[in-house]
Amino acid sequence: MTIIWLIDLKLVKTLDNGLVRTPPMGWMSWERFACNIDCDNYPNECISEQLYKDIADRLVADGYKEVGYNYVNIDDCWTEMTRDPVTKRLVANHKRFPNGIKALADYVHSKGLLLGIYGDVGTKTCGGYPGARGEDGTDYDTIDAQTYAEWGVDSLKLDGCYADTKNMTNMYPEMSRALNSSGRAIVYACSWPAYQIGQNPDYRRIAQYCNYWRNFDDIMDSWTSVTSIIDFYAKYQDVLVKYHGPGAWNDPDMLIIGNFGLSLEQSRAQMALWAIWSAPLLMSNDLRSIGGQYKEILQNRDIIAVNQDKLGILGTRVHSKSGIEVWVKPMTPIVKGVNTYAIVYLNRVVLGTPLIISFKLSSLIAGLPSEPLYNVYDLYDNSKLIGKLSNDQNLTLKVNTSGSVRMVKLTPVFKSDEIENDLN
Ligand code: GLA
């Protein structure tokens, strides 16, 4: 008993690695580039060092880094099919990563960015590449963590294919310890609860060991996929909200904005929801060819500021009826004890006529005090001031259909000190 207790104490410390105190932002290859290893036919799209270097270049040159996107995350299919027979280390595919991961990390770092990598807690990755456990049960956590640290890797996504989900309770913490002992600060992203959907994952334990964690199925390039994630978050929000905060984030998976499956309106909706959840903002798209309007959504500083708010609260759904949803997130600044709030009106109705949606503020935010007025800023319109409401007045917004949003920020303004709040 005592030993277990001591280990637990140490592990609480493990989580507190000081990393990702606001949700991580960056890019990840999986949804857009998957496991394309055919560089002969797809020279610009295959999983190769060139792809990650191109993305690093774009992050810097096109303003993404400036607004906060700083992780370049390698996903599956980067290794050879076997470990080095002597050292037992993972080896980057020689043809596609001719200079190895260390050189890629150096390149990414030279741009002021960070490099993430991908592994699997089981015997193989989902794509069939070597996992952190050998077929004979050998545990390679320590070797892998040391290798990543030596290469200068800054973040690890540890997937959960080819592993017994019951053993994850112990397997994921093992890599957490190995990373913690590696001598390098490495963010730890776990896919642990995504392999226990409907089995009541132990989020308390997950949050003790992981910096962020995937909850649900893989995002695909469609609005249907996005809404399945929205519904999952709504269904489990009471549990998810508890363990979510600085250094420990629920991860609804990548942003697919700029790809083929979402309309412009639905892209705004994904950005709004991911922001109101304080979710990791990991784009998976082709930044070399993305359309300007999608880039604008991804670089909306006011919405990113909601995502990056230092309280890190996971916003929750407070209304859902006939395809209309309202999501609310308390955030800073807090003025005389009253929070600022972000609110999203989401219209999922598929009949094409825009709808005027109206709710009394006090019906959306329980206990909202009557004293201050609330300035209303439209976050998809350069934070234009569009109203000044008291808690018993209605927030009325016209919202387009088929997955459209309006997103506003409410800041409390007391009569005595009107202009104290930021007006951006
Ligand atoms: C799983 C993960 C995805 C991706 C693939 C790679 O499906 O959930 O995000 O990493 O594996 O094979």
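Okay, so let's go over this structure. (Residues numbered from 1 in each chain as written. Predicted model: local features only at pLDDT ≥ 70, side-chain atom pairs only at ≥ 80, totals over all residues. Heavy atoms only, no water.)

## Some remarks on the overall build of the protein chain
Summing up its helical and strand segments, the protein chain has 14 helices and 16 strands in all. Scaling as 2.2 N^0.38, a compact globule of 424 residues should have a C-alpha radius of gyration of about 22 Å, and the protein chain matches this with 22 Å. Across its three principal axes, the protein chain shows a C-alpha extent of roughly 70 × 60 × 40 Å. The buried share of the protein chain, taken over its 424 residues, is 54%. Here the contacts in the protein chain between residues at least 6 apart in sequence split such that 71% fall between residues at least 24 apart. Taken as a whole, the protein chain presents about 17400 Å² of accessible surface, with 52% of it coming from carbon and sulfur. Across the protein chain, the mean location of the 42 positive side-chain charges is 4 Å away from that of the 49 negative side-chain charges. (Helix = DSSP H or I, 4+ residues; strand = E, 2+ residues; numbered from the N terminus. Rg over C-alpha atoms; globule rule 2.2 N^0.38 Å. Buried < 20%, exposed > 50% of the residue type's maximum accessible area, 1.4 Å probe, protein only. Contact = heavy atoms within 4.5 Å. Areas by Shrake-Rupley, 256 points an atom, 1.4 Å probe, with all protein chains shown as cover. Lys, Arg positive; Asp, Glu negative; His and termini not counted. Charge placed at Lys NZ, Arg CZ, Asp CG, Glu CD.)

## Structural notes on the packing of helix α3 (residues 49-61) against helix α5 (residues 100-110)
The geometry of α3 relative to α5 is characterised by a closest axis approach of 10 Å and an angle of 10° between their N-to-C directions. It follows from the interaxial angle that α3 and α5 lie roughly parallel. In contact with E49, Y52, K53, A56 and D57 of α3, α5 contributes G100, L104, Y107 and V108. Residues belonging to the contact of α3 with α5 are distributed by class as follows: five nonpolar, one polar and three charged. (Axes fitted to C-alpha atoms, helices over the stretch in contact; angles between N-to-C directions. Parallel < 35°, antiparallel > 145°, perpendicular 65-115°, else oblique. Nonpolar A, V, L, I, M, F, W, Y, C, P; charged D, E, K, R; others polar.)

## Examining the site of the ligand
The local shell around the ligand consists of W30, D75, D76, Y118, C126, G127, K157, D159, R214 and D218. Within the contact set of the ligand, an oxygen atom lies 2.6 Å away from a side-chain nitrogen or oxygen of D75. At a separation of 2.8 Å, an oxygen atom of the ligand approaches a polar side-chain atom of K157. Taken together, the residues of the shell around the ligand sort by class into three nonpolar, one polar and six charged. (Near = heavy atom within 4 Å. Polar contact = N/O pair within 3.5 Å; in protein donor to acceptor, adjacent residues only side chain to side chain.)

## Some thoughts on the sheet that holds strand β5 (residues 187-190)
The strand order across the open sheet formed by eight strands is β7-β6-β5-β4-β3-β2-β1-β8, and the pairing between neighbours is parallel. Each having just a single partner strand, β7 (249-251) and β8 (281-283) make up the two edges of the open sheet. Ignoring which end each strand starts from, the neighbouring axes of this sheet average 25° apart. Pairing of β5 with strand β6 (residues 212-214) involves two bridges; the strand directions are parallel. Paired with C190 across the two strands is W213, which belongs to β6. Strands in contact with α3 are β1 (25-28), β2 (71-73) and β8; relative to β2, the strand with the most contacts, it is inclined by about 160°. (Pairing = 2+ DSSP bridges.)

## Notes on the packing of helix α6 (residues 141-151) against helix α7 (residues 168-180)
Two quantities define a packed helix pair, namely the angle between the helix axes and the distance between the axes. For the pair α6 and α7, the least separation of the axes is 8 Å and the interaxial angle reads 40°. The pairing of α6 with α7 is recorded here as oblique in orientation. Our pair here, α6 against α7, has a crossing hand that is right-handed. Contacts from D141, T142, D144 and A145 in α6 reach M171, E174, M175, A178 and L179 in α7. (Left-handed = near helix turned anticlockwise from the far one by under 90°.)

## Some words on the state of the cysteines
Disulfides are covalent bonds that link the sulfur atoms of two cysteine residues. This model, assessed by the stated rule, comprises four disulfides. Counting only the cysteines that take part in disulfides, in the order they occur along the protein chain, gives the pairing 1-4, 2-3, 5-6, 7-8. (Disulfide = S-S within 2.5 Å.)

## Side note on the nonpolar core
Membership of the largest hydrophobic core comes to 104 residues, with the highest contact counts inside it found for Y69, W78 and W277. Formed by 23 residues, the second largest nonpolar core is a distinct cluster that contains I357, L364, L389 and V399. (Core = buried A, V, L, I, M, F, W, Y, C linked by side-chain atoms within 4.5 Å.)

## Focus: the pattern of salt bridges
This structure, assessed with the given rule, holds 24 salt bridges. A salt bridge links K384 to D381, with the nearest nitrogen and oxygen atoms 3.7 Å apart. Here the salt bridges share partners, and the residues they tie into one network are R133, D139, D141 and E174. (Salt bridge = Lys/Arg side-chain N within 4 Å of Asp/Glu carboxyl O.)

## Observations regarding α5
Listing the buried residues of α5 in full gives G100, I101, L104, A105 and V108. Buried residues in α5 make contact with α3, β2, β3 (114-120) and α6. After α5 finishes, the residue G112 shows a positive phi value of roughly 80°.

## What to know about the environment of D38
Within the secondary structure, D38 is located in the loop between α2 (30-33) and α3. Judged by relative accessible area, which is 27%, D38 ranks as partly exposed. C-alpha of D38 to C-alpha of N400: the two residues are 362 residues apart in sequence and 41 Å apart in space. Here N41 takes part through its side chain, which lies 2.9 Å from a polar atom of the side chain of D38.

## With respect to the pairing of strand β4 (residues 155-159)
For a regular strand, side-chain orientation follows a simple rule: the groups alternate between the two sheet faces. Within β4, five of the five residues are buried, leaving the element largely enclosed by the surrounding structure. The sheet contact formed by β3 and β4 spans five bridges and is parallel. Within β4, the residue paired with I117 across the bridge is L156. Each parallel crossover has a hand, and the one from β3 via α6 to β4 is right-handed. Handedness of the crossover is the feature at issue here: the chain leaves β4, passes through α7, returns alongside β5, and the resulting connection is right-handed. (Right-handed = clockwise from strand over helix to strand, strands pointing away.)

## Thoughts on the pairing of β5
What you see with β5 is no split at all: V187 and A189 on one side and Y188 and C190 on the other are buried throughout. As paired elements, β4 and β5 share four bridges and run parallel to each other. By the bridge assignment for β5, S155 is matched with V187. Crossover connection from β5 via helix α8 (residues 203-209) to parallel β6: handedness right-handed.

Honestly, that's just the spatial picture; any functional story needs more than this.
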